[in-house]
Amino acid sequence: MSNLMSKEVVTVYNDKVLNHKPTFDIYNGIQNPSLDTPDRAKAIIGALTALNATTDVEIIQPREFGLPFIYRVHDQAYVDHLKKTSERVGQKPPVLLAEIDPESKLPILKEYPAFTYPSVFPHGSNPRSSNRVSDRGLHSFDTSTPVMGDTYELALNAAFTSLTGAEMLAKGNDLVYAFCRPPGHHAEKSMMGGYCYLNNASIAARYLTDQTHKRVGIIDIDAHHGNGTQEIFYGSPDVFYASIHGNPSQIPPYYTGYADEKGEGAGFGYNLNIPLPIGSNDEAFLKALDMTIFQMKLFLPQYLIISLGFDGFKDDPLKIFKLTTEGYAEAARLIGALGLPTLSVQEGGYATADLELNIATYLKSLKNSHL
Ligand code: SP5
Ligand code: ZN
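Right, let's walk through the structure included here. (Residues numbered from 1 in each chain as written. Chains lettered and ligands numbered in written order. Predicted model: local features only at pLDDT ≥ 70, side-chain atom pairs only at ≥ 80, totals over all residues. Heavy atoms only, no water.)

## What to know about the overall build of the protein
- The number of helices and strands found in the protein is ten helices and 14 strands.
- The C-alpha atoms of the protein give a radius of gyration of 20 Å, which matches the 21 Å a tight globule of 371 residues would have.
- Taking the principal axes of the C-alpha coordinates as reference, the protein spans close to 55 × 50 × 40 Å.
- Looking at the protein as a whole, 55% of its 371 residues qualify as buried.
- Relative to all contacts within the protein whose residues are 6 or more apart in sequence, the contacts with residues 24 or more apart total 76%. (Helix = DSSP H or I, 4+ residues; strand = E, 2+ residues; numbered from the N terminus. Rg over C-alpha atoms; globule rule 2.2 N^0.38 Å. Buried < 20%, exposed > 50% of the residue type's maximum accessible area, 1.4 Å probe, protein only. Contact = heavy atoms within 4.5 Å.)

## Brief notes about the sheet that holds strand E9 (residues 175-178)
- The strand order across the open sheet built from eight strands is E4-E1-E9-E14-E13-E10-E11-E12, with neighbouring strands paired in parallel fashion. Because the sheet does not close on itself, it has two edges, and the strands there are strand E4 (57-60) and strand E12 (271-276). Neighbouring strand axes in the sheet, compared pairwise and without regard to direction, differ in orientation by 15° on average.
- Where E9 meets strand E14 (residues 342-346), four bridges bridge the pair, whose relative direction is parallel. Paired with Leu175 across the bridge in E14 is Thr342.
- Most of the contacts of helix H5 (residues 151-170) go to E14, to which it runs at about 170°, and overall it touches strand E1 (9-12), E4, E9, strand E13 (303-308) and E14.
- Against the sheet, helix H10 (residues 352-369) makes contact with E1, E4, E9, E13 and E14, and its axis sits at roughly 160° relative to E9, the strand it touches most. (Pairing = 2+ DSSP bridges. Axes fitted to C-alpha atoms, helices over the stretch in contact; angles between N-to-C directions.)

## As for the packing of aromatic side chains
- Enumeration according to the criterion identifies 15 aromatic pairs in this entry.
- Where Tyr13 meets Phe179, the ring centres are 6.0 Å apart and the plane angle is 55°; that geometry is what we call tilted. Of this pair, Tyr13 sits in the loop between E1 and strand E2 (24-27) while Phe179 sits in the loop between E9 and helix H6 (200-212), placing them 166 residues apart in sequence.
- The class of Phe179 is buried, set by a relative accessible area of 2%.
- A ring pair is formed by Phe115 and Tyr117, whose centres lie 5.6 Å apart and whose planes are at 80°; its orientation type is edge-to-face.
- The exposure class of Phe115 is partly exposed, given its relative accessible area of 22%.
- Tyr117 sits in the buried class, given a relative accessible area of 14%.
- Taken together, the aromatic side chains of Phe24, Tyr112, Phe115 and Tyr117 make up a single cluster linked through ring pairs.
- Between Arg63 and the ring centre of Phe65, over which it is positioned, the NZ or CZ distance is 3.8 Å. (Phe/Tyr/Trp six-rings, centres within 6.5 Å; stacked < 30°, edge-to-face > 60°. Lys NZ or Arg CZ within 6 Å of the ring centre and 35° of its normal.)

## Some remarks on the environment of Lys297
- Within the fold, Lys297 resides in helix H8 (residues 282-298).
- When its relative accessible area of 51% is taken as the criterion, Lys297 is described as exposed.
- As a C-alpha pair, Lys297 and Leu338 span 41 residues in sequence and 8.3 Å in three-dimensional space.

## Some thoughts on H5
- Its 20 residues place the ends of H5 29 Å apart at the C-alpha level, agreeing with the 28 Å of an ideal helix rising 1.5 Å per residue.
- In terms of burial, H5 is largely enclosed, as 18 of its 20 residues are buried.
- Looking one or two residues beyond H5, the residue adopting positive phi is Gly172, at roughly 110°. (Expected span 1.5 Å × (residues − 1).)

## Points about the coordination of the zinc ion (ligand 2)
- Here the zinc ion (ligand 2) is held by Asp222 (OD), Asp222 (OD), His224 (ND1) and Asp311 (OD), and the distances to it run 2.0 to 2.7 Å.
- For the zinc ion (ligand 2), all donor residues lie on one chain, and their spacing in sequence is D-x1-H-x86-D. Pair noted here: Asp222 is in the loop between strand E10 (216-220) and helix H7 (227-233) and Asp311 is in the loop between E13 and helix H9 (325-336), with a separation of 89 residues, a long-range link.
- Residue class for Asp222 comes out buried when judged on its relative accessible area of 1%.
- Since its relative accessible area comes to 0%, Asp311 is described here as buried. (Donors = N, O, S within 2.8 Å, 3.2 Å for Na, K, Ca; no water.)

## Observations concerning the nonpolar core
- If you look at the biggest cluster of nonpolar residues, it comprises 52 residues, and the most contacted ones within it are Tyr177, Phe179, Phe285, Tyr362 and Leu363.
- It is helix H1 (residues 38-53) that provides the largest number of residues to this core, a total of seven residues.
- Look past the residues within four positions of Phe285 in its chain and what remains in contact with it is Ile221, Ile244, Leu276, Phe321, Leu323 and Ala331.
- Listed in part, the 43 residues of the second largest apolar core include Val73, Phe160, Ala201 and Leu208. (Core = buried A, V, L, I, M, F, W, Y, C linked by side-chain atoms within 4.5 Å.)

## What about the site of ligand 1?
- Residues in contact with ligand 1 amount to 13 residues; listed here are only the nearest, His186, Gly194, His224, Asp311 and Tyr350.
- Relative to its unbound accessible surface of 510 Å², ligand 1 loses 72% to contact with the protein. (Near = heavy atom within 4 Å. Areas by Shrake-Rupley, 256 points an atom, 1.4 Å probe, with all protein chains shown as cover.)

See below:
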């Protein structure tokens, strides 16, 4: 099929994706600058702007939706916690912190917007205390996911971006890409973690089942297990969640993502995990994707959502897999060949210098293979 005949990818985002500035990852007691930098957003916007110029993509802005669309996935108490925590932190003065200057290797003072991390986590679902510290721990499962003054607004903006994308699918568009930032697939019904606050892909999936009563398949190719998406749909037979990821016995989220987690109750059989060893290459990944697609076809999905992370790339600082740009192109071809209305939702991917090429390659390959 010629380029003229192939479909445009409708791309949804606004410039708020640049505003999210998480401070630190605190991992095993050690503090490092967050990998989820605004430069990631600049790289992705660069790719989308270039594709827009060649008419491969059309760019639209997200619109706002009411909070009930969020409450279909997240507990209202959790969303309230995120809002109140953002408001409280936003009223605090900026924080001066010593940081090692990469050039001089000397400590320098740097100003950060005020932020908060949980002190206690995760300690169960029946808190006896309403202390703000215990409340913070109740709704976070790690210390990689700080709340700043603008976090609630920006997380909501990311959820509106995926909802707008889902709405475009429901209106009959075949290929939509939602550039969501912050990402979403680690966020559970009532927990933030893994850089995620609201589960953008899940909110879109639930919107589609509510509005259309059709079956939604989610394929998660971020290199981490989407523990949040799994938890949200674990008992649901109308949403099939399938994920390929680095073996969680070796990397976060550690507690979920194993092959024996298959769903529960009416949702049994509608959850598929394919953990792969750290260091897996294109061949292993694409074989797993082929198996995933085989299973997905048996579910007869009517919409497809891709949780799209590029952190399996060979040069990603997390060093999970050894995937190449051509590997992502082939993944997009396999996905596009399903011929389903497909919403790709941005998740992780931290090799900033390669993100522009990887996203452009993925979208072009998806567009050219979706007939
Ligand atoms: C959306 C997404 O991709 N979230 C990823 C969250 C990953 N959290 C890992 C925290 C960083 C661990 N750093 C360990 C460095 C060891 N060399
Ligand atoms: Zn990831």
